[in-house]
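Okay, here's what each chain looks like letter by letter:
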Amino acid sequence: MSKTVRPLETAAALDAGEVPAGAPAETLGQYAHGWWTQVRSGQSGILPVLGGLVLLVVIFQLLNSNFLTPANLTNLMTQGAPYVILGFAEVFVLLLGEIDLSIGYVAGIAATVTLQLAAYPNPTPWWLAVLAGLAAAAALGFVQGLLITKLGLPSFVVTLAGLLGFEGVMLYLLNNNAASSGGTVSITNNILSDIVNGNLSNIVGWVVMAACVALAGLFFWSRDQRRRRAGLSATPAGLTLLKIVAMGVAGIVIVVICNTDRGRGAPFSGVPWVVPITLVILVGWTFLLSRTRYGRYVYAIGGNAEAARRAGINLARIRTSAFVLSGLTAGAAGIVYASELGSVSTSVDGGTLVLDAVAAAVIGGTSLFGGRGKMLHALIGGVIIAAIANGMGLLGVSAPAQYMITALVLLAAVVVDALSRRGSTATR
Amino acid sequence: MTTDALPGARPAPAGRAPAGATGAGLLPAGAPLLELRAINKSFGSVRALTDIDLVITAGEVTALVGDNGAGKSTLIKAIAGISPPDSGEMLWRGKPVHVSHPKDASALGIATVYQDLALCDNLDIVQNLYLGRERLHLRTLDETTMELGAKRALADLSVVTVRSIRQLVASLSGGQRQAVAVAKAVMGNAELVILDEPTAALGVSQTRQVLDLIKRLADKGIAVIVISHNLRDVFEVANRIAVLYLGRLAGVAPAAEFDTQTAVEMITTGTRGARPDTKVAADGEKDA
Ligand SMILES: Nc1ncnc2c1ncn2[C@@H]1O[C@H](COP(=O)(O)OP(=O)(O)O)[C@@H](O)[C@H]1O
Ligand SMILES: [Mg+2]
């Protein structure tokens, strides 16, 4: 295709009356109406899920007043991070209408590789160890992606084999390496430990938060302006402002919580490193999915693979690379998880991890049927999963009951997914 | 590709302005665009197509009619490169071409619209129209340009009002979906648009919208082949009617030379029955 430089002005000069499509929604009322139509067609957005999270928080706080303490909330952030990042990994494949059951142990292998390389007797630099762990994880995703696309095998079966086989690999590595003893490899590197246990200083926390909100606000605002200049309908300015303010408030709340002294004895405060790390992954992958051709193709394949093929999209390449990205992201989750635990041992349960990851994505609103979902869903869903685990832990709910309640929440999310899918096609 | 693939670049009313993958612009209405010569196709012992000679002209709607199993789908699959013929010749703008893959067909400017196979329900109209040919700006999606182009494409075809060009295709009616699928085909600089049963699943007003759309395509100078079982629709839009009977071309003639009864006769018996004096072009072309 040639580059076509088309002056926007001429296009914008098209008489609006000639253009029946694309009714502009410039007022809040019109916008709300449009939103409601979208909800009815199965794109409910994240507001209902956020409402569910708020409800959950209120219930836990009423049952145990320790839930909303700064110490516990910061704890919840660090506990939730591995689930959230593993949820990001799962979103890539769920969007294609596939599933990856292996990422729990892919995470375990990445963590093992990283920790063993960075440990005594022969420690490699931490960043090299991290790169090696991530590369191993991406390679595992690549192999599975090839099996799925080249041989046409169902992803469910291939990654189920991965779930079993990679546990074996992880156990083998843990039991046959000088860096680990008794099936456990501990973190000996401060930086790896700090991923979850280190904190930004109070000042830096504020600066980073302010910069993030300012950048995001600038991005939203300039996007709206660009659309208006081109004569296209844009989000009402009031709503964009509201979004930016909401982001600012959320940022302030998080920093205030994290900057409150939560030390026992010695003062201890600050935003855990893992919070901005998670945000960077969120923003990066969101950008990839929503602003690049690659992301568009992932959605297209998940929506209608045949139409995507007819549009000239290379299905095998996109599918395989999605499994690579899934593996890579799972590797990051594994390293974060290891940092939180302080070690990796043979007791890492990749089966439960992957189910929590799927649950995080689906609870947040990503469809199991493919084509619908966002990285943000895994963030919200992961926080919900972590909040349930954390809250029930505070309440002293037994492990069996915790499993069952988490299962019910997941089931509810899947039911909503199936119903909204039906709603989206019933309007035709 | 060297030309602007946006249909908006084509002045809407005249329909003779530069376009087309070859960069040479659409042929004038009535000029032969695609010539099929002695096309044969067999599936094992079944002769699905036997010596089909057919000329498709620019700016005209050619209706392909025939009973089930007559070979209509096989013929358009041959043209579209999905299932190439066993023998025969294809001339595109007078030059022999080999269409052995759907890509060959779309490179020539042949677009086939399959209902429900063309669109992704989970993407909006703009995203669907530009699927596979996204516009980029600094390596990221240029949504503004694509949305403007999509608006033009739909306005160009006077496509029935959609609430928003950013609504998901899943929320469109059957007629609207068909319109978007056609717009998508035309945006790729199609000179020949093939529609297989475009009104099959549609209600009365939706059918009307699609028929209007087909006429508009022809008015713009695009050649259209429509397969339809509904003779009323055929008589409404078609300039010419080609009747297939058991894999042979039973006849092809301007629509004005048919009435419903003769059409039904030819479809069911392959001949015009007991009126040899009105026998129409059973062996060739006779353009009005
Ligand atoms: N892929 C195929 N394999 C075997 N026979 C086929 C195949 N496609 C079509 N046919 C046969 O070719 C003949 C023409 O079919 P088709 O073109 O689908 O008819 P129409 O679209 O007019 O109903 C029929 O006898 C059909 O059974
Ligand atoms: Mg057919």
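Residues numbered from 1 in each chain as written. Chains lettered and ligands numbered in written order. Predicted model: local features only at pLDDT ≥ 70, side-chain atom pairs only at ≥ 80, totals over all residues. Heavy atoms only, no water.

Novice: Account for the overall build of chain B, with residues named and values stated.
Specialist: Scanning chain B from terminus to terminus reveals eight helices and twelve strands. Counting all 288 residues of chain B, 61% fall into the buried class. Across chain B, the fraction of contacts at a sequence separation of at least 24, relative to all contacts at a separation of at least 6, is 67%. Total accessible area computed for chain B in this model is approximately 11,000 Å², and 54% of it derives from carbon and sulfur atoms. (Helix = DSSP H or I, 4+ residues; strand = E, 2+ residues; numbered from the N terminus. Buried < 20%, exposed > 50% of the residue type's maximum accessible area, 1.4 Å probe, protein only. Contact = heavy atoms within 4.5 Å. Areas by Shrake-Rupley, 256 points an atom, 1.4 Å probe, with all protein chains shown as cover.)

Novice: Could you give an account of the overall build of chain A, with specific residues and numbers?
Specialist: Helix and strand counts for chain A come out as 17 helices and two strands. Here the C-alpha radius of gyration of chain A, 23 Å, is about what a compact globule of 428 residues would show, namely 22 Å. Its C-alpha atoms give chain A principal-axis dimensions of about 75 × 55 × 40 Å. Looking at chain A as a whole, 46% of its 428 residues qualify as buried. Here the analysis covers contacts within chain A between residues at least 6 apart in sequence; of these, 75% occur between residues at least 24 apart. With an accessible surface of roughly 19,700 Å², chain A has 69% of that area assigned to carbon and sulfur atoms. On chain A, the mean spot of the 24 positive side-chain charges and the mean spot of the 16 negative ones are 10 Å from each other. (Rg over C-alpha atoms; globule rule 2.2 N^0.38 Å. Lys, Arg positive; Asp, Glu negative; His and termini not counted. Charge placed at Lys NZ, Arg CZ, Asp CG, Glu CD.)

Novice: With reference to specific residues and values, describe helix α11 (residues 274-291) of chain A.
Specialist: Across its 18 residues, α11(A) extends 25 Å between first and last C-alpha, which sits within 8% of the 26 Å expected from 1.5 Å per residue. When α11(A) is considered as a whole, its buried residues turn out to be V274(A), V275(A), T278(A), I281(A), L282(A), W285(A), L288(A), L289(A) and R291(A). (Expected span 1.5 Å × (residues − 1).)

Novice: Describe the layout of surface pockets, naming the residues involved and giving the relevant values.
Specialist: Size it by volume and the second largest pocket reaches roughly 1,200 Å³. Lining the second largest pocket we find 35 residues, and of these R310(A), A311(A), G312(A), P102(B) and S106(B) sit closest to its centre. Those elements that provide at least two residues to the lining of the second largest pocket are α12 (293-303) and α13 (305-310) of chain A together with α2 (102-108), β6 (110-113) and α5 (174-187) of chain B. Among the residues making up the lining of the second largest pocket, the classes are represented as 21 nonpolar, seven polar and seven charged. (1 Å grid on protein atoms, 1.4 Å probe; cavity = no way out; pocket = protein on both sides within 12 Å on 5 of 7 lines; lining within 4 Å. Points joined across faces, edges and corners; volume = space filled by probe spheres on them. Nonpolar A, V, L, I, M, F, W, Y, C, P; charged D, E, K, R; others polar.)

Novice: Give a description of a nonpolar patch on the surface that names residues and reports values.
Specialist: Residue and element names in this part refer to chain A. Together, W126, W127, L128, L131 and I191 make up a nonpolar patch on the protein surface, roughly 460 Å² of accessible area in all. It is helix α6 (residues 126-150) that contributes the most residues to the nonpolar patch, four residues altogether. Looking at the secondary structure, you find I191 in helix α8 (residues 190-197). (Patch = residues over 30% accessible without salt bridge, like charges linked within 9 Å, V, L, I, M, F, W, Y side chains within 5 Å. Salt bridge = Lys/Arg side-chain N within 4 Å of Asp/Glu carboxyl O.)

Novice: Give me the lowdown on the sheet that holds strand β5 (residues 95-97) of chain B, citing residues and values where you can.
Specialist: Backbone hydrogen bonds hold the strands of a sheet together, and the pairing may be parallel or antiparallel. Residues and elements named next belong to chain B. Pairing in this open sheet of four strands is antiparallel, and the strands run β2-β1-β4-β5 from one edge to the other. The strands lining the two open edges of the sheet, one partner per strand, are β2 (46-57) and β5. Strand-to-strand twist across the sheet, computed as the mean angle between neighbouring axes with direction ignored, equals 25°. The pairing of strand β1 (residues 32-43) with strand β4 (residues 87-92) spans five bridges and is antiparallel. Counterpart to E35 in the pairing with β4 is L91. (Pairing = 2+ DSSP bridges. Axes fitted to C-alpha atoms, helices over the stretch in contact; angles between N-to-C directions.)

Novice: For unusual backbone geometry, give the residues involved together with the corresponding values.
Specialist: Trans peptide bonds make up the majority, and among non-glycine residues the majority have a negative phi. All names here are of chain B. Of note, A38 is a non-glycine position whose phi angle comes to about 50°, a positive value. Along the chain, A38 falls in strand β1. Phi is positive for R139, which is not a glycine, with a value near 65°. Note on placement: R139 falls in the loop between β7 (136-137) and β8 (140-141).

Novice: Summarise the domain arrangement of chain A; cite the residues concerned and give the values.
Specialist: Residues and elements named next belong to chain A. You can read the domains of chain A as domain 1 (55-198 + 272-426) and domain 2 (199-271). Once you take the C-alpha centre of each, domain 1 and domain 2 turn out to be 25 Å apart. Opposite the twelve residues of domain 1 that make contact, domain 2 presents twelve residues. Between domain 1 and domain 2, the buried area comes to about 970 Å², and carbon and sulfur atoms account for 74% of it. Counting across the interface, domain 1 meets domain 2 through zero salt bridges. Counting across the domain 1 and domain 2 interface gives one residue pair in polar contact (both at pLDDT 80 or more). Looking at the side of domain 1 that touches domain 2, the elements with two or more residues in it are α4 (70-95) and α11. Broken down by element, the side of domain 1 that touches domain 2 gets its largest block of residues, five residues, from α4. Taken together, the residues of the side of domain 1 that touches domain 2 sort by class into eight nonpolar, three polar and one charged. (Domains from an automatic or database assignment. Buried area = accessible area lost by both parts, 1.4 Å probe. Polar contact = N/O pair within 3.5 Å; in protein donor to acceptor, adjacent residues only side chain to side chain.)

Novice: Any details on the site of ligand 1? Residues and values, ideally.
Specialist: All names here are of chain B. Close contacts around ligand 1 come from F43, V46, A48, D67, N68, G69, A70, G71, K72, S73 and T74, and that covers them all. In the environment of ligand 1, an oxygen atom lies 2.9 Å from a nitrogen or oxygen atom belonging to the backbone of G71. S73 places a polar side-chain atom, nitrogen or oxygen, 2.7 Å from an oxygen atom of ligand 1. In the complex, the protein chains occlude 59% of the 550 Å² of accessible area that ligand 1 would expose alone. Sorting the residues of the shell around ligand 1 by element identifies β2 and α1 (72-79) as the ones contributing at least two each. The greatest single-element share of the shell around ligand 1, amounting to three residues, is contributed by α1. Taken together, the residues that form the shell around ligand 1 break down as four nonpolar, five polar and two charged. (Near = heavy atom within 4 Å.)

Novice: Hey, could you go over the pairing of strand β3 (residues 61-66) of chain B for me, with residue numbers and the actual values?
Specialist: In regular strands, side chains alternate between the two faces of the sheet. Residues and elements named next belong to chain B. Counting buried positions along β3 gives six out of six residues, so the element sits mostly inside the fold. What you see with β3 is no split at all: V61, A63 and V65 on one side and T62, L64 and G66 on the other are buried throughout. With four bridges joining them, β3 and strand β10 (residues 223-227) adopt parallel strand pairing. Paired with T62 across the strands is I225, a residue of β10. Alignment of β3 against strand β11 (residues 240-245), held across five bridges, turns out to be parallel. Counterpart to A63 in the pairing with β11 is I241.

Novice: Could you give an account of the side chain of R227(A), with specific residues and numbers?
Specialist: Looking at the element boundaries, R227(A) is found in helix α9 (residues 202-229). Of the residues examined, R227(A) reaches a relative accessible area of 13% and is grouped as buried. Each residue touching R227(A), except ones within four places of it in the same chain, is listed here: L232(A), S233(A), A234(A), E147(B) and R166(B).

Novice: Outline the nonpolar core, listing residues and values.
Specialist: F88(A) and I313(A) are the most contacted members of the largest nonpolar core, which totals 107 residues. Take this core: its biggest share by element is 14 residues, from α4(A). If near-sequence neighbours (up to four positions away) are discounted, I313(A) is found in contact with Y297(A), A300(A), I301(A), A308(A), I318(A) and L131(B). (Core = buried A, V, L, I, M, F, W, Y, C linked by side-chain atoms within 4.5 Å.)

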